[in-house]
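# Residue-level structural notes
Now for the letters of each chain:
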Amino acid sequence: MHSPETRRRIEGAVFLVAFACTIPLANWLIGNVGTVCVPDGPCLIPVAPGILAPSGVLAIGAALVLRDLVQRRLGLIWSFAAIAIGAILSSFLAPPALVFASTVAFALSETADLLVYTPLQRRGLVLAATASSVVGLIIDSVVFLTLAFGSLDLLPGQVLGKFWMVLLALPVLAWIRSRERRMGLQPV
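In this report, we go over the structure that sits alongside the text. Note on numbering: residues in each chain are counted from 1, in written sequence order. Owing to the predicted nature of the model, reporting of local features is limited to residues with pLDDT of at least 70; listing and counting of side-chain atom pairs is limited to 80 or more, with chain, interface and lining totals taken over all residues. Heavy atoms from the whole structure form the basis of all side-chain values; hydrogens and water molecules are not counted.

### A word on the overall build of the chain
Selection rule: For the purposes of this entry, the term helix denotes a DSSP run of H or I that reaches at least four residues, the term strand denotes a run of E that reaches at least two, and both are numbered from the N terminus. For the radius of gyration, the atom set is restricted to C-alpha positions; the globular benchmark scales as 2.2 Å times the number of residues to the power 0.38. By definition in these notes, contact holds between two residues if any of their heavy atoms fall within 4.5 Å. For accessible areas, the Shrake-Rupley method is used with a probe of radius 1.4 Å. Any residue's cover is judged against the shown protein chains and nothing else. A residue counts as positive if it is Lys or Arg and as negative if it is Asp or Glu; His and the chain ends are not included. Here the site of a charge means atom NZ of a Lys, CZ of an Arg, CG of an Asp or CD of a Glu.
The helix and strand tally for the chain stands at six helices and three strands. The linear arrangement of helices and strands in the chain, starting from the amino end, is α-β-β-β-α-α-α-α-α. Relative to the 2.2 N^0.38 estimate, which gives 16 Å for 188 residues, the radius of gyration of the chain is 16 Å and therefore close to what a compact globule would have. Partitioning the contacts of the chain with sequence separation of at least 6, the portion at a separation of at least 24 is 71%. Total accessible area on the chain is roughly 8,700 Å²; 74% of this is exposed by carbon and sulfur atoms. Of the charged side chains in the chain, 13 are positive and 9 negative; the average position of the first set lies 15 Å away from that of the second.

Okay, here's the thing in structure tokens:
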């Protein structure tokens, strides 16, 4: 049986790898998967009736929550290391302009995310992750759409699609917090 410290590090490494992979996954999805692919633009998916978003929202919504888990298990520095790793991996899968836009958007949104998450995490994982993810997804959406496509036309779908992914993560976060209490795991 692993000690709580060993378990925290192992789980942190799993969250780190998953988080780092969300950036290249999102960039790949945007160029390859969607119900509609705009010429010289993103592939889009419906996120609500009549509302489309770049398909990368599926991965980025999950990334917003995974970042919080990386910080909780490994610390803040590892969250930024994962962004750098994801940017490098993205360079093999997406055009440079898309890699640049997603990396800058991630760095800025993750910084805002952590400014909200860090002070709230002791009050509760679900509250902290939800509040920080909402702040992060708005900033990420505005910055990414502006840099990648020069337009905020897809902003409602971008925000809504990421928000759906955050909502889907809430039961998992509640389970993780409950498990932490049972096992005596503490955030870094």
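Alright, that's what it looks like, and here's the rest.
### Here we look at a nonpolar patch on the surface
For the record, the criterion: Within this analysis, patches are made of residues with over 30% relative accessible area and no salt bridge. Like charges are joined at 9 Å or less; nonpolar side chains (Val, Leu, Ile, Met, Phe, Trp, Tyr) at 5 Å or less. We count a salt bridge whenever a side-chain nitrogen from Lys or Arg sits within 4 Å of a carboxyl oxygen from Asp or Glu.
Together, Leu25, Trp28, Val33, Ile88, Phe92 and Leu93 make up a nonpolar patch on the protein surface, roughly 600 Å² of accessible area in all. Its place among the elements puts Leu93 in the loop between helix 3 (76-90) and helix 4 (96-120).

### Digging into the packing of helix 1 (residues 4-32) against helix 3
We apply this condition: Inter-axis angles, ranging from 0 to 180 degrees, are taken between N-to-C directions of lines fitted to C-alpha atoms, where helices are fitted over the stretch in contact. Put simply, a crossing is left-handed when the front helix is turned counterclockwise from the back one by less than a right angle, and right-handed when it is turned clockwise. Gly falls in the polar group here, along with every residue not listed as nonpolar (Ala, Val, Leu, Ile, Met, Phe, Trp, Tyr, Cys, Pro) or charged (Asp, Glu, Lys, Arg).
Closest axis-to-axis distance for the helix 1/helix 3 pair is 8 Å, and the angle between their directions is 35°. In this structure, helix 1 crosses over helix 3, and the sense of that crossing is right-handed. For the pair helix 1 and helix 3, contact is made by Leu16, Phe19, Ala20, Ile23, Pro24 and Asn27 and by Trp78, Ser79, Ala82, Ile83, Ile85, Gly86, Ala87, Leu89 and Ser90, respectively. Residues of the contact of helix 1 with helix 3, tallied by class, amount to eleven nonpolar, four polar and no charged.

### So, the pairing of strand 3 (residues 51-54)
Quick reminder of the rule: Strand pairing requires that DSSP identify at least two bridges connecting the strands.
Direction of pairing for strand 2 (residues 43-48) relative to strand 3: antiparallel, over a ladder of four bridges. Looking at strand 3, one finds that Pro46 is bridged to Leu52. Between strand 2 and the antiparallel strand that follows it, strand 3, lie two residues; Gly50 among them carries a positive phi value of about 80°.

### Quick look at the sheet that holds strand 3
Judged by pairing direction, the sheet is antiparallel, and its three strands sit side by side in the order 1-2-3 without closing on themselves. Each edge of the open sheet carries a strand with a single partner, namely strand 1 (36-37) and strand 3. Sheet strands in contact with helix 6 (residues 155-183) are strand 2 and strand 3, and its direction is about 80° off that of strand 3.

Shape descriptors only; they carry no functional weight alone.
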